[in-house]
Amino acid sequence: MDGEQELFYPHVAEFVEDRLIYLYTRRLGQQFIWCPEWYRHAEALSRLDSIWRAWEHLRLDPATGMSVWWRDHADPHMMALLDPDGPFAACRNNQHTDYPIPPLPVQEPPAGLFFDQRQPNIRGV
């Protein structure tokens, strides 16, 4: 391909509303959870944007593009999103909820364990 490819969809929301919701028809409730306000969940927005960008790239591969998209992008991300313990866990009955799910707990690592990867390696390793 020469240059940048032209996008089929102008943004992720158009992709979700025009294509993805028709590709993933599931009975919602116990096994699968979806939030109609998916864009209000940081993880969902990031994953769906990734799915869309992969689709935009792979749609141009006439041989295995869509198979690769389903296997490597769509299915893993959608299973994580639709999981009852996923980012939509507090959303029920096609309703978004602002129930705050806290971020993963972390402790600050010991000083000197990591160095700024944006800077040249001054240690020579």
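Throughout this description, residue numbers start from 1 for each chain and increase along the sequence as written. Thresholds applied to this predicted model are a pLDDT of at least 70 for local features of residues and 80 or more for the giving and counting of side-chain atom pairs; totals over whole chains, interfaces and linings are not thresholded and use all residues. The basis for every side-chain value is the complete set of heavy atoms in the structure, and neither hydrogens nor water enter the calculation.

The protein chain appears in an unreviewed UniProt entry as DUF4913 domain-containing protein from Kribbella shirazensis.

Colleague: Talk me through helix H2 (residues 42–58); I want residue IDs and the actual numbers.
Modeller: Think of it this way: any DSSP run of H or I at least four residues long counts as a helix, any run of E at least two long counts as a strand, and we number them from the N terminus. One less than the residue count of a helix, multiplied by 1.5 Å, gives the span that helix is expected to have. Counted at 1.5 Å a residue, the expected span for H2 with its 17 residues is 24 Å, and the 24 Å between its end C-alpha atoms agrees. The complete set of buried residues in H2 reads Ala44, Leu48, Ile51, Trp52, Ala54, Trp55, Glu56 and Leu58. Against helix H1 (12–23) and helix H3 (65–82) lie the buried residues of H2. Remark: exposure states derive from per-residue accessible area (1.4 Å probe, protein chains only) relative to the maximum for the residue type, with buried under 20%, exposed over 50%, and partly exposed in between. Contacts are residue-level and defined by heavy atoms, with any inter-residue pair within 4.5 Å sufficient.

Colleague: Now, about the packing of H2 against H3: what can you tell me, with residues and values included?
Modeller: Orientation is described by lines fitted to C-alpha atoms, with helices fitted over the stretch in contact, and by angles between N-to-C directions that extend from 0 to 180 degrees. Contact pair H2 / H3: the axes reach a minimum separation of 10 Å and the direction vectors enclose 175°. In this view, H2 runs roughly antiparallel relative to H3, as classed from their interaxial angle. In contact with Glu43, Ala44, Arg47, Leu48, Ser50, Ile51, Ala54, Trp55 and Leu58 of H2, H3 contributes Gly65, Met66, Val68, Trp69, His73, Ala74, Pro76, His77, Met78, Ala80 and Leu81. Along the lines of polarity and charge, the residues of the contact of H2 with H3 split into 14 nonpolar, four polar and two charged. By definition in this entry, angles of less than 35 degrees are roughly parallel, angles greater than 145 are roughly antiparallel, angles of 65 to 115 are roughly perpendicular, and the rest are oblique. In this classification, Asp, Glu, Lys and Arg are treated as charged, Ala, Val, Leu, Ile, Met, Phe, Trp, Tyr, Cys and Pro as nonpolar, and every other residue, Gly included, as polar.

Colleague: Residues and numbers for the nonpolar core, please.
Modeller: Note on soluble globular proteins: their nonpolar side chains tend to be buried together. The nonpolar core is taken to be a set of buried Ala, Val, Leu, Ile, Met, Phe, Trp, Tyr and Cys residues, with the residues joined through side-chain atoms within 4.5 Å. Ranked by internal contacts, the top residues of the largest apolar core, which has 25 residues, are Phe15, Leu20, Leu48, Trp69, Met78 and Phe88. Elements represented by at least two residues in this core include exactly H1, H2 and H3. Considering each element in turn, this core owes the most residues, seven residues, to H2. Those residues in contact with leucine 48 that lie beyond four places of it in its chain are Val12, Val16, Leu20, Trp34, Trp38, Met78 and Leu81.

Colleague: Explain the packing of H1 against H3 to me, using residue names and the numbers behind them.
Modeller: Running from amino to carboxyl end, H1 crosses H3 at an angle of 95°, the nearest separation of the two axes being 13 Å. Between H1 and H3, the interaxial angle falls into the category roughly perpendicular. Two secondary-structure elements touch here, H1 through Phe15, Leu20 and Leu23 and H3 through Trp69, Trp70 and Met78. Of the residues belonging to the contact of H1 with H3, the class tally is six nonpolar, no polar and no charged.

Colleague: A description of unusual backbone geometry should follow, citing residues and the corresponding values.
Modeller: Phi angles above zero are rare outside glycine, and asparagine 93 is one such case at about 55°. Looking at asparagine 93, the relative accessible area reads 73%, which means it is exposed. One non-glycine residue with positive phi stands out, namely asparagine 94, at about 55°.

Colleague: Give me the lowdown on the side chain of histidine 96, citing residues and values where you can.
Modeller: Mapped onto the elements of the fold, histidine 96 is located in the segment after H3. For histidine 96, a relative accessible area of 16% translates into the label buried. The definition of a polar contact used here is a pair of N or O atoms within 3.5 Å, where within protein one atom must be able to donate a hydrogen and the other to accept one, and adjacent residues in sequence count solely through side-chain atom pairs. Engagement of the side chain of histidine 96 in a polar contact is seen with the side chain of histidine 41, the distance being 3.1 Å. At a separation of 2.9 Å, a polar atom in the side chain of histidine 96 contacts the side chain of aspartate 98. For histidine 96, the residues in contact, after removing those within four places along its chain, are Cys35, Glu37, Arg40, His41 and Cys91.

Colleague: I'd like a description of the packing of aromatic side chains, backed by residues and values.
Modeller: The geometry of an aromatic ring pair is captured by the separation of the ring centres together with the interplanar angle, meaning the angle of the planes. Only centres within 6.5 Å qualify two rings of Phe, Tyr or Trp (six-membered ring in Trp) as a pair; their planes then separate them into stacked at under 30 degrees, edge-to-face at over 60, and tilted for everything else. All chains considered together, the criterion is met by 10 aromatic pairs. Ring geometry for tryptophan 69 and tryptophan 70: centres 5.0 Å apart, planes at 75°, overall edge-to-face. Residue tryptophan 70 is classed as partly exposed on the basis of its relative accessible area, which comes to 28%. Here a set of aromatic residues connected by ring pairs shows up, and it is made of Phe8, Tyr9, Phe15, Tyr24, Trp55, Trp69 and Trp70. The positively charged end of arginine 26 is found above the aromatic ring belonging to phenylalanine 32, 5.9 Å away from the centroid. Geometrically, a charge over a ring is one whose NZ (Lys) or CZ (Arg) sits within 6 Å of the ring centre while staying within 35 degrees of the ring normal.

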